[in-house]
Structures are given as C-alpha cells and as structure tokens.
Amino acid sequence: MSRKKPRVTGVDALNEAFDSVDHAPLLESLGVDIQRDLLILALTHRSFANENGMLPNNERLEFLGDAVLGLSVANKLYERYPSSPESEVSKMRASIVSRYGLSDIAREIGLGEYILLGKGELLTEGRSKDSILADTTEALLGAIFRQHGFEVARDVVLRLFGHKIEHASAK
C-alpha cells in the first residue's frame, strides 16, 4: 500500500520552490545581488502566496519598483531630450515603463522561469504573461531599492532600459 506524500505548503513550499532554481543567472543579468528573503518576496506572485497559506507576495515591492522605475526613466529622458516638450517626454516615459516595455525587459533577462506561481497561473502559461512579467520586474526593482538604495536601483534601471531610452519615441 503506497502512501501519498503530504502536500508541502506555507514557508516550506516557498523555500522548496525557490531552491529548485539557480538564481545566479538572474542576479548576473541584474548586475546586483539581492538578499534571499527580498529575492523570494520579489519573485512570489499572489497566486503562489494564496495557494500556500496566504504568504506575503510581491505586490508591495512592485509598488516601490514602479516609483523607482518611473523617476529613473523620467529623469534620464529629461536629461537626454532637453529640447523636447513635456508632452513628448511624457509619452516616451509611458511607452518605456508600460506593461509591454517591462515585459520585454523581463523576457530579455529570462525572468519568467524564476517567478513563483500558483497552479492555475502555471496551467495558463503565467510565466509568459505580460502583466506578470511586468509586475515582477517592478518588484525586483523595489527589492533592489530596499536593499541598496535609490542610486543602485536607478543604475540597474538605466542599464536594463538603456536601449529603450536611447531609442525613445513620442509616437
């Protein structure tokens, strides 16, 4: 008679899922180290958190990352395009920090494979959804800000989004 192994939940499930992937390539792509607890939080989507006992999720870090991203990009555009009117640089910023701009960057660094998702999101290919990729990118930026401060987070933003900033358009 075979016994079914009990389902692991809570912090044990979180640690098991996180430890099943080597995060070194992600951290190398970001160019900065993120302490384990912040990295786990940044990568934990609410679907995983809710399925495993209402664990903390990345939404608060996403909130911070959005602010860091917006300010970093806005300031760089302000410097780079000194003769452009506000209406143009505003459109440029909006396109760069949009869901699609963020998900492009997430795909470039292979972020999808690191996101901790619940079963439903896994079944519907959540690792490739623009919204999840964008939100998790912002959460990572929030984690970098929390650990290293604004200047380091800004430098990561400018490195990751540099090409988009250089080729920004107000279209």
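My aim in this report is to walk through the structure given alongside it, one point at a time.

Rules used in this analysis
- Each chain carries its own residue numbering, running from 1 in the written order of its sequence.
- Selection of residues for local features in this predicted model requires a pLDDT of at least 70, selection of side-chain atom pairs for listing and counting requires 80 or more, and totals for whole chains, interfaces and linings are taken over all residues.
- Only hydrogens and water are set aside; all other atoms, that is, all heavy atoms of the structure, feed into the side-chain values.
- Working definition: helices are DSSP H or I runs of at least four residues, strands are E runs of at least two. Numbering for both runs from the N terminus.
- Buried means the residue's accessible area, taken with a 1.4 Å probe over protein chains only, is under 20% of the maximum for its type, while exposed means over 50%, and partly exposed covers the values in between.
- Contacts between residues were defined by any pair of non-hydrogen atoms, one from each residue, lying within 4.5 Å.
- Only the protein chains shown count as covering a residue, and every accessible area follows the Shrake-Rupley method with a 1.4 Å probe.
- Neither His nor the chain termini are counted; the positive set is Lys and Arg, and the negative set is Asp and Glu.
- Lys charges are placed at NZ, Arg charges at CZ, Asp charges at CG and Glu charges at CD.
- Taken from the helix axis, the directions to the C-beta atoms give the arc we talk about.
- Take the buried residues of types Ala, Val, Leu, Ile, Met, Phe, Trp, Tyr and Cys, join any two whose side-chain atoms come within 4.5 Å, and each joined set is a nonpolar core.
- Axis geometry follows a simple rule: fit a line to the C-alpha atoms, using only the stretch in contact for helices, then measure angles between N-to-C directions, giving values from 0 to 180 degrees.
- Roughly parallel refers to an angle under 35 degrees, roughly antiparallel to one over 145, roughly perpendicular to one between 65 and 115, and oblique to any angle outside these ranges.
- Three classes are used, and their members are as follows: Ala, Val, Leu, Ile, Met, Phe, Trp, Tyr, Cys and Pro are nonpolar, Asp, Glu, Lys and Arg are charged, and the others, Gly among them, are polar.
- Pairing of N or O atoms within 3.5 Å defines a polar contact, subject to two protein rules: one partner must be a possible hydrogen donor and the other a possible acceptor, and residues neighboring in sequence count only if both atoms are side-chain atoms.

On to the overall build of the chain, then. Helix and strand content of the chain: 10 helices and zero strands. C-alpha atoms of the chain, sized along the principal axes, occupy 75 × 30 × 25 Å. Counting across all 171 residues of the chain, residues that qualify as buried make up 42%. A separation of at least 24 residues holds for 69% of the contacts in the chain among residues at least 6 apart in sequence. Of the accessible surface of the chain, which amounts to about 9,600 Å², a share of 52% is contributed by carbon and sulfur atoms. Charge separation in the chain, taken as the distance between the mean sites of 21 positive and 25 negative side-chain charges, equals 4 Å.

Moving on, we come to helix α6 (residues 86–96). For α6, the complete set of buried residues consists of V89, M92 and I96. An end-on view of α6 places all buried positions within 55 degrees of arc, on one side of the element. Within α6, the exposed residues directed more than 90 degrees away from the buried face are E86 and K91. Close packing links the buried residues of α6 with α5 (59–80), α7 (99–108) and α10 (150–166).

With 50 residues, the main nonpolar core has L26, L30, I34, L140 and F161 as its most contacted residues. Top contributing element to this core by residue count: helix α9 (residues 130–148), with eight residues.

The next thing to look at is unusual backbone geometry. Although it is not a glycine, M54 adopts a positive phi angle of roughly 55 degrees. Summarising the element assignment, M54 is placed in the loop between α4 (46–51) and α5. The backbone of E125 sits at a positive phi, close to 55 degrees, despite the residue not being glycine. Structurally, the position occupied by E125 is in the loop between α8 (119–123) and α9.

Two numbers describe how α5 lies on α9: the axes approach to 6 Å, and their chain directions differ by 85 degrees. In terms of their interaxial angle, α5 and α9 are classed as roughly perpendicular. Between α5, through L61, E62, L64, G65, D66, V68 and L69, and α9, the contact on the second element is made entirely by D135, E138, A139, L141, G142, A143, F145 and R146. Looking at side-chain class alone, the contact of α5 with α9 contains eight nonpolar, two polar and five charged residues.

Tracing the backbone shows H45 in the loop between α3 (36–43) and α4. Of note is the side chain of H45, whose polar atom sits 2.8 Å from the side chain of S47. If we skip the residues at most four places from it in the chain, H45 touches N57, N58, I115, L116, L117, E121 and I132.

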